[in-house]
Amino acid sequence: MEVGAEVFARRLPRLRRRIVRAAFVALDMEFTGLHSTSLPNNEPSLFDSPAERYVKARQSVQRFTLVQLGKCGSDTESDLLRYVVHSYNFFLFPSTLGIRDVEFTLSASSIQFLSHYGFDYNKFLKDGIPYMNEVQEKILKQHLLAGTWKVCSNVDRDVLKKAIDAVTSWIAAAKEEDTMILQDLNGYHMLEVQLVLRQALENVWTEPLGDKKVMVKKVSPEHRQLLENSPYDPCQKKLILLSARGFTNLFWILVKAKKPLVGHNMLMDLMHLHDKFYRPLPESYEEFKRNIHNLFPVIIDTKTVTKSVQKKCLFPRVSNLLEVYAILCSSNLNPKGPPCPVIALASGCARYAEKKSPHEAGYDAFLCGSVLLMSAHLLLCRSTDDAVEADPSFSQYLTVLAEHVNKVNFIRGGVSSINFSGEDAPCRHPPALVVHVRGWPGLTEREIYQQFKAHCFDVRRLSKNQFILLSNKYKQMRLVLRDYRHHPHLQVSVYRHWRHSPSVNCLLQ
């Protein structure tokens, strides 16, 4: 079910009830970019520790923004083994209500990727739900209280100027209690028009009429003051903040509910959640981990779960979430155990079941939740020799998933996962290789990388004519040692710190 700014406020109470009833909540997001190529050495590397990767990703998250967020809550029905899925697709756009305009970057490849999968940019730009973090909200509060609030958007300024001109020309000839109607205003402009008119003219009163209309009434300053102090004033400060916070209201509902949060390769998702809805990302990697753990005590990354399923249940290797879902749906991987729970889409969400392409956030959130349930059921059946009861509860699934809780997959790095509830595991990968260049002067890291990229190696310069190679596969390491044994210019060997380290050699010399 798609949700934009026009209907979000009306849907919020229902969304709150759905989250409270849910056994867990699955999330997925789409961004305007992933890794900023304009920043030096910002590409993910096998040499990265979790803290080093966080520094790189933090810079990218600060440059890009969210365009779409999918939420999928799964309620359990007690009378049968059945999960009813409520899948929502939210279009998001940064709040333009405040003292500072929000800037963000677009990555051409990411925009092309979203376009390929049918992303609706009109809904993102024209009906995106606003959001802000605590720092932005604090600034807006200060300016609302001080009366120094102003409009950031040039488009909004044009809309507001047109409204002010119309009211100014009308009010000169109007009598007290006369009214006029301003039409064709979207939800955000309806609020801004009222604020600007009240700020500019002391003898007008405004009220929203719904259906993109605002009523303007000529009143005396005394009557205006009485109306402003009324509890029915539609422009109370708390209502303005509620509107400006937009999707952030739902974020805090999710935080307070403390439901298990499910995602797939969700490190970037968690960083955007922190930066866009909570607080700007801290410089400290450890502080970021603590903050996320306080907000969401139970996090499950289906990428780490499916890795375990592949090892324990002879699950075939696949490249993406949709393929995992397809295999789990089509294969009878546990013929002797009880059937997998029924996962049914709620009324109004049925089109996600018919959708064939991924990368719409709401649909990917549905896939994520479904993969979690089917994988957990399979692991539960394989984890015990005793017969599994016919209707295992979600708490039993959480028990069998305990080793994966708060372990978020770490893509192409020195560890397999990041632990949000404790210390990260030490970096583990095959031994590094060292390349000694002879008779081939001036080689750069990029040229060495191009030479070895077919074998999935990352490169880092060690000295003027030496480079370190790192892979996450022993097979590739052995192939390179074999294939380059007699190369005329590139001598490859296993890296030995006491033999190859420039600092050690310098000390010994």
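Located above this text is the structure these notes cover.
Residues numbered from 1 in each chain as written. Predicted model: local features only at pLDDT ≥ 70, side-chain atom pairs only at ≥ 80, totals over all residues. Heavy atoms only, no water.

Examining the pattern of salt bridges
Oppositely charged side chains can form a pair if their charged atoms are brought close together. One pass over the structure, following the stated rule, counts 14 salt bridges. Its salt-bridge partner being Glu2, residue Lys123 comes within 2.4 Å of it at the nearest N-O pair. In this pair, Lys123 is assigned in helix α4 (residues 121-127) and Glu2 in strand β1 (residues 2-3), connecting sequence segments 121 residues apart. Across the pair Asp275 and Lys276 runs a salt bridge, and its minimum N-O distance is 3.2 Å. The exposure classification of Asp275 matches that of Lys276, with both residues buried. Overlapping salt bridges bring together Asp48, Arg53 and Lys56 as one network. (Salt bridge = Lys/Arg side-chain N within 4 Å of Asp/Glu carboxyl O. Helix = DSSP H or I, 4+ residues; strand = E, 2+ residues; numbered from the N terminus. Buried < 20%, exposed > 50% of the residue type's maximum accessible area, 1.4 Å probe, protein only.)

A look at the environment of Ser463
Its place among the elements puts Ser463 in strand β14 (residues 458-463). According to the relative accessible area criterion, Ser463 is partly exposed, its value standing at 22%. Expressed as a C-alpha distance, the spacing of Ser463 and His436, which sit 27 residues apart in the sequence, is 9.4 Å.

So, the packing of helix α5 (residues 134-146) against helix α9 (residues 237-245)
Running from amino to carboxyl end, α5 crosses α9 at an angle of 150°, the nearest separation of the two axes being 11 Å. Judged by the angle between their axes, α5 and α9 are roughly antiparallel. Crossing of α5 against α9: the hand is right-handed. Two secondary-structure elements touch here, α5 through Glu137, Leu140, Lys141, Leu144 and Leu145 and α9 through Lys237, Ile240, Leu241, Ala244 and Arg245. Its residues assigned to classes, the contact of α5 with α9 shows six nonpolar, no polar and four charged. (Axes fitted to C-alpha atoms, helices over the stretch in contact; angles between N-to-C directions. Parallel < 35°, antiparallel > 145°, perpendicular 65-115°, else oblique. Left-handed = near helix turned anticlockwise from the far one by under 90°. Contact = heavy atoms within 4.5 Å. Nonpolar A, V, L, I, M, F, W, Y, C, P; charged D, E, K, R; others polar.)

Details of a positive patch on the surface
Side chains of Lys311, Arg317, Lys473, Lys475 and Arg478 sit close together on the surface and give a patch of like positive charge. Looking at the element boundaries, Lys475 is found in helix α19 (residues 474-483). (Patch = residues over 30% accessible without salt bridge, like charges linked within 9 Å, V, L, I, M, F, W, Y side chains within 5 Å. Areas by Shrake-Rupley, 256 points an atom, 1.4 Å probe, with all protein chains shown as cover. Lys, Arg positive; Asp, Glu negative; His and termini not counted. Charge placed at Lys NZ, Arg CZ, Asp CG, Glu CD.)

Structural notes on helix α14 (residues 321-330)
For α14, every residue scored as buried is listed here: Leu321, Val324, Tyr325, Ile327 and Leu328. Within α14, the buried residues cover an arc of 165° as seen down the axis, which keeps them to one side. On its buried side, α14 packs onto α13 (302-312) and α16 (361-382). Between the side-chain oxygen at the start of α14 and the backbone nitrogen of Leu322 there is a gap of 3.1 Å, and the oxygen is on Asn320. (Arc of directions from axis to C-beta. Polar contact = N/O pair within 3.5 Å; in protein donor to acceptor, adjacent residues only side chain to side chain.)

Quick word on the sheet that holds strand β13 (residues 433-437)
Taking strand neighbours across the sheet as the criterion, the four strands line up as β14-β15-β13-β16 in an open arrangement whose pairing is antiparallel. Among the strands making up the open sheet, the edge pair consists of β14 and β16 (490-494). If you compare each strand with its neighbour and ignore which way they point, the axes differ by 30° on average. Where β14 lies against strand β15 (residues 466-470), five bridges are found, and the strand directions are antiparallel. Along β15, the bridge assignment pairs Arg461 with Phe467. α19 contacts β13 and β16 of the sheet and is inclined by roughly 135° relative to β16. (Pairing = 2+ DSSP bridges.)

Description of α19
Within α19, burial applies to Gln476, Met477 and Val480. Taken down its axis, α19 places every buried residue within 105° of arc, on the same side. Turned more than 90 degrees away from the buried face of α19 sit Lys475 and Arg478, all of them exposed. Buried residues in α19 make contact with β13, α18 (445-452) and β16.

Here we look at the side chain of Asp301
Positionally, Asp301 belongs in strand β9 (residues 299-301). A polar side-chain atom of Asp301 sits 3.3 Å from the main-chain amide nitrogen of Met266. For Asp301, the residues in contact, after removing those within four places along its chain, are Gly263, His264, Asn265, Met266, Lys407, Val408 and Asn409.

Structural notes on the packing of α14 against α16
In helix packing, the relevant descriptors are the interaxial angle and the interaxial distance, both defined with respect to the helix axes. Between α14 and α16, whose axes approach to 9 Å, the crossing angle comes to 45°. Overall, the two elements α14 and α16 adopt an arrangement that is oblique. The two elements α14 and α16 meet at a crossing, and its hand is left-handed. In this structure, α14 uses Leu321, Leu322, Val324, Tyr325, Leu328 and Cys329 to contact α16, whose residues at the interface are Tyr363, Asp364, Phe366, Leu367, Cys368, Ser370, Val371, Met374, Ser375 and Leu378. In terms of residue class, the contact of α14 with α16 is built from 13 nonpolar, two polar and one charged.

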